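Observations on the model geometry
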Amino acid sequence: MKKYQPRIPLSVLSAFEGKTLLVIGASGFLGKVWLSMFLQHVHTFKHLYVIIRPKGKLSARERFDTMIHQSFAFAPWFEKKSFSSIQALLNEHITVLDGDLSVENLGLRKELAKKIQDQLDIMVNVSGLVDFRAPLESAYKINIRGTCNAAEFVAQSDHAKLIHVSTCYVAGQTEGAIVESVSEKTPNHQTLDLDKEIKWIEYSTQKLHEKYKSTEKLQELTDFLRRRNESKGRNQNIKQFQRTLEQFTQKEKTAEMVTLGADRAQALGFPNTYTYSKALAELLLKKNYAHIDVSIFRPAIVESADQYPFPGYNEGFNTSGPLVYLIKGRFRYFPAEEDHPFDVIPVDYVAKALTLVTAAKLKGKAAPVYQIGTSFLNTFTLGEACQLSSDYYEMYYRQTGKTFFEKHWRHRKTIATLQDHVFTSKNLLRFFSSLDRHCKAVDELPQRIQLWLKPLRGKIFLTKRKLEQAENLINLFKPFTRDFVQIYISKNITAFEVKEKFWTYDIDKLNWEEYWIQRQMPGLLKWCFPVIEGKAIPHMQQNKKMVLAEESLPSIELSA
């Protein structure tokens, strides 16, 4: 594959010198790593505003304080050589503000918004609802209206620029090479009419709300709950019933809102509501905000860190985690094309690329769209992912197993294949679903035999549930694992000749076997799998305390 040599000279430190930035979405996985890396290695900027949405009783400042003291993304800040310099930045150059991307002026007072807009050089919008099964209204509010609000905020400045974080998967169900441009066509080659789609979303969500407020629907749900209570012999007083009715109504409405978005997305060739809403957000910027200077930043699947903040760092639930989790046990056949590109990329490479693109934007050297993936520059396949994951589990169980069975039989080698085998999850699900149905005949047997068969019946039901979950997960991710071969062209990010060695983007040198075995798998095991299993993930316990100066906000707010 042809490698594109750096051509555009770029100094990161020079680009940010004396500049004022605003970042939204710093509390997410990528946002945390980017903020930590940026403040660790760039001290030339003038000021950084961080907008965080208050949550419950916690203000933005309280959430920020908790984040930097508990998230391992900020571990390098507490090293002896870094602590004092980062503390000085927090005191003098950082302002944390209560805000909300989904409302006008980002939730800021008009006077404060105007002060920031007068100072602002660039906004980095990392925020977004990354949920494949998101209710349509939620995805619209954050991913589309939020993008509009960010662009409007920048448009009120006479010189500010915008970096908008999107996703490579706005390509939807498009096959082949995906170029770095914003398409006005849907993946199934229809015209993507922005105004029509927004009007449809607003109309459809409003009609759904009206439906669940109607007398007919309310009576239908009330009757259903009464019949259910009667069948279970449950007696509820009026207050309890009303509370149950409200919860049930909200659950039903949310489920229908999820289906509404998914059906519309798939009708246009997008695999889910997330990619559909992100594609509309990109088109919104292209169509309605051509007058502002904006670059779109598209990461692929963001995974465990290679080096920063330290090898293997991850956070909670991410894309590859559930898929790799399936390989943890005796999952033998993974339904995927062996040679299918698996476009994962370490989070620190993405954070580094985001800094480079932001620096290039400030220098007037940025392209309109950047795709940040590995399928074009350093291809990794699903077959390799299955093999390396299996190799890791084999070593893991041999080292940690307490019995012969745990050491040698708890895990079987998993292979990626589209061939139909007896022991695929789909075939196993059919078998155990049939067993579960036949178990109902046990109810006709004498009670003594029922009690004897009860443990076996429970194991059959539990196995069926696990296989259902596995099959649902496979179907959720199958557009990315077996349906469409996509290569995300990533020429633009390779065009820089970066002065500072730390910021060199060299994803082509990443050793996949070393990364997957020594970084990705331990990271998933420590931070992702506990979330899947409903367990707590570890947090930092720092004996040092970073302090955000209370007086910094008024002084910045009143400056011209």
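Cut-off values and rules
Residues numbered from 1 in each chain as written. Predicted model: local features only at pLDDT ≥ 70, side-chain atom pairs only at ≥ 80, totals over all residues. Heavy atoms only, no water. Helix = DSSP H or I, 4+ residues; strand = E, 2+ residues; numbered from the N terminus. Buried < 20%, exposed > 50% of the residue type's maximum accessible area, 1.4 Å probe, protein only. Contact = heavy atoms within 4.5 Å. Pairing = 2+ DSSP bridges. Axes fitted to C-alpha atoms, helices over the stretch in contact; angles between N-to-C directions. Parallel < 35°, antiparallel > 145°, perpendicular 65-115°, else oblique. Left-handed = near helix turned anticlockwise from the far one by under 90°. Salt bridge = Lys/Arg side-chain N within 4 Å of Asp/Glu carboxyl O.

Structural notes on the environment of A15
Considering the arrangement of structural elements, one finds A15 in helix α1 (residues 12-16). Residue A15 is classed as buried on the basis of its relative accessible area, which comes to 2%. Residues A15 and T358, 343 residues apart in the sequence, show an inter-C-alpha distance of 8.7 Å. When near neighbours in sequence (up to four residues on either side) are disregarded, A15 contacts A359, L362 and K363.

Some details on unusual backbone geometry
Of the consecutive residues Y308 and P309, the connecting peptide bond is found in the cis state with omega at 5 degrees. The topology assignment puts P309 in the loop between β9 (301-303) and α11 (320-326). One non-glycine residue with positive phi stands out, namely N105, at about 60 degrees. With respect to the secondary-structure elements, N105 resides in the loop between β4 (94-98) and α5 (110-119). Even without glycine at this site, L106 takes up a positive phi of about 60 degrees. Looking at where L106 falls in the secondary structure, it is placed in the loop between β4 and α5. The exposure class of L106 is buried, given its relative accessible area of 0%.

A word on the sheet that holds β4
Reading across the sheet, the seven strands line up as β4-β3-β2-β5-β6-β8-β12 and stay open at both edges, with parallel pairing between neighbours. Strands at the two margins of the open sheet, each flanked by one partner only, are β4 and β12 (369-372). Sheet twist, expressed as the average angle between the axes of neighbouring strands with direction ignored, equals 15 degrees. Pairing geometry for strand β5 (residues 122-125) and strand β6 (residues 161-165), over four bridges, is parallel. Across the sheet, N125 pairs through a bridge with H164, a residue of β6.

Here's the deal with the packing of helix α7 (residues 194-213) against helix α10 (residues 273-288)
The geometry of α7 relative to α10 is characterised by a closest axis approach of 10 Å and an angle of 130 degrees between their N-to-C directions. It follows that α7 is oblique to α10 by the angle criterion. In this structure, α7 crosses over α10, and the sense of that crossing is left-handed. Contacts between α7 and α10 involve L194, E197, W200 and I201 on the former and, on the latter, Y276, L280, L283, L284, K287 and N288.

Regarding the pattern of salt bridges
Scanning all chains against the criterion turns up 15 salt bridges. Note that E197 is salt-bridged to R264, the shortest N-O span being 2.5 Å. Within this pair, whereas E197 is found in helix α7, its partner R264 is found in helix α9 (residues 238-267), the two being separated by 67 residues in sequence. It is possible to trace a salt-bridge network through shared partners that takes in K161, D293 and K361.

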